[in-house]
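Structural characterization, general
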Amino acid sequence: MTLNAHPQVTARPDAAPTPPEVEDRMLTPQALWKRYGLPRDLIYTAIHAGELPAYNAARQGKPRFLIAVSDFLTWRETLRVGAKK
């Protein structure tokens, strides 16, 4: 199977295909924590350190971060330990 055979699928940096609807979805750190199980404080720390790209959707006051799922999945791969391919 080639990526050209399925135009609705794009490639992530780790070469695993990602459907466009996942790539375009924006989630809060809370939603990412619930879906993927990584600690919220780790997600917030990565945002504040500039390691995980995020958007601040708040008008004023406390930030309301939104993260593209594709950015989150790419960042999550940087946490992997052990043998890398």
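Residues numbered from 1 in each chain as written. Predicted model: local features only at pLDDT ≥ 70, side-chain atom pairs only at ≥ 80, totals over all residues. Heavy atoms only, no water.

**A word on the overall build of the protein**
Of regular secondary structure, the protein possesses four helices and five strands. Across the protein, helices and strands are ordered from the amino to the carboxyl terminus as β-β-α-β-α-α-β-β-α. The proportion of buried residues among the 85 residues of the protein is 21%. For the protein, restricting intrachain contacts to residue pairs at least 6 apart in sequence, the fraction spanning at least 24 positions comes to 45%. (Helix = DSSP H or I, 4+ residues; strand = E, 2+ residues; numbered from the N terminus. Buried < 20%, exposed > 50% of the residue type's maximum accessible area, 1.4 Å probe, protein only. Contact = heavy atoms within 4.5 Å.)

**Side note on the confidence of the model for the protein**
Chain-level pLDDT for the protein is 82 on average; 71% of the residues reach the 70-or-more range. Overall, residues 1-7 carries pLDDT values under 50, and its contacts beyond four positions in sequence, including any with other chains, amount to four contacts. (pLDDT = per-residue confidence, 0-100.)

**Some thoughts on the sheet that holds strand β3 (residues 26-27)**
Reading across the sheet, the three strands line up as β3-β5-β4 and stay open at both edges, with antiparallel pairing between neighbours. Among the strands making up the open sheet, the edge pair consists of β3 and β4 (55-56). With two bridges joining them, β4 and strand β5 (residues 65-68) adopt antiparallel strand pairing. Looking at β5, one finds that asparagine 56 is bridged to phenylalanine 65. Where helix α4 (residues 69-77) meets the sheet, its contacts fall on β3 and β5, and the angle it forms with β5 comes to roughly 75°. (Pairing = 2+ DSSP bridges. Axes fitted to C-alpha atoms, helices over the stretch in contact; angles between N-to-C directions.)

**Section: helix α3 (residues 40-48)**
The complete set of buried residues in α3 reads Ile43, Ala46 and Ile47. For α3, the angular spread of buried residues about the axis comes to 100°, placing them on one side. Exposed residues on α3 whose side chains face more than 90 degrees from its buried face are Asp41, Thr45 and His48. Along its buried surface, α3 packs onto α2 (29-36), β5 and α4. Glycine 50 sits one or two residues past α3 and shows a positive phi near 80°. (Arc of directions from axis to C-beta.)

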